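Tertiary structure, described
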Amino acid sequence: MTETPVDNAHDTPYDNPDQKEALRKHGMGWVKTMSYLLDEQFRLPGTRFRFGLDPLLNLIPVLGDMSGFLLSSGLLLAMAKKGASNKLVVLMCLNIFLDATIGAIPIIGQIFDFFFKSNTRNLRLMSEHFLEGKHQGSGKNVLLLVGIILLILFILLIYVLWQVGAWFFGLF
């Protein structure tokens, strides 16, 4: 297998030899390759900015978002099958969820997709899990925190919608 060209400005799972070996040892080489293709394959000439197929696919309304989500979910399932802890799976799901939800917002989402690389983040989390034993546990605390944050955001959304509705109906 040939080495993937990388930009040494960032410590990614693609350029760290220990992380590469840990992923290879656990049979995750194809996941690394697919993640690289989705998030880091191309570089803007004269810059250190890298992007992959994921933000390009997301330029296609709905189909691009769905394909990126499905590919990321497939990578997540493969990583979970190779021994990821429950906490690690929850953290990786959050990355994919953020990428899919914010990425679905027209214009803002397309820009966001070029900078938020959920597959690279998930691969880094998986490497840290294998190498350093990080992200162990059940993930219940992470889910509880996310649930509380989502509840607060939902309450704020209802309040804002109520205020907008009151303003709008006040015009008549």
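Attention here is on the structure that accompanies the text. These figures come from a predicted structure and were not determined experimentally.

About the criteria used
Residues numbered from 1 in each chain as written. Predicted model: local features only at pLDDT ≥ 70, side-chain atom pairs only at ≥ 80, totals over all residues. Heavy atoms only, no water. Salt bridge = Lys/Arg side-chain N within 4 Å of Asp/Glu carboxyl O. Helix = DSSP H or I, 4+ residues; strand = E, 2+ residues; numbered from the N terminus. Buried < 20%, exposed > 50% of the residue type's maximum accessible area, 1.4 Å probe, protein only. Patch = residues over 30% accessible without salt bridge, like charges linked within 9 Å, V, L, I, M, F, W, Y side chains within 5 Å. Areas by Shrake-Rupley, 256 points an atom, 1.4 Å probe, with all protein chains shown as cover.

Our focus in this paragraph is the pattern of salt bridges. Evaluation of the coordinates by the stated rule reveals one salt bridge. We note a salt bridge from K117 to E40, for which the minimum N-O separation is 3.9 Å. Here E40 lies in the loop between α2 (29–39) and β1 (42–43) and K117 lies in the loop between α6 (108–115) and α7 (118–132), a separation of 77 residues in the sequence. Accessibility assignment for this pair places K117 and E40 in one class, buried.

Attention now goes to a nonpolar patch on the surface. Residues F97, L144, L145, I148, I149, L150, I152, L153 and L156 make up a contiguous nonpolar surface patch of about 850 Å² in total accessible area. It is helix α8 (residues 140–170) that provides the largest number of residues to the nonpolar patch, a total of eight residues. By the secondary structure assignment, I152 is in helix α8.

Despite not being glycine, V62 shows a phi value in the positive range, around 60°. Positionally, V62 belongs in the loop between α3 (53–57) and α4 (63–81). What makes V62 exposed here is its relative accessible area of 58%. Phi is positive for I107, close to 65°, though the residue is something other than glycine. Mapped onto the elements of the fold, I107 is located in the loop between α5 (86–103) and α6. Looking at I107, the relative accessible area reads 64%, which means it is exposed.

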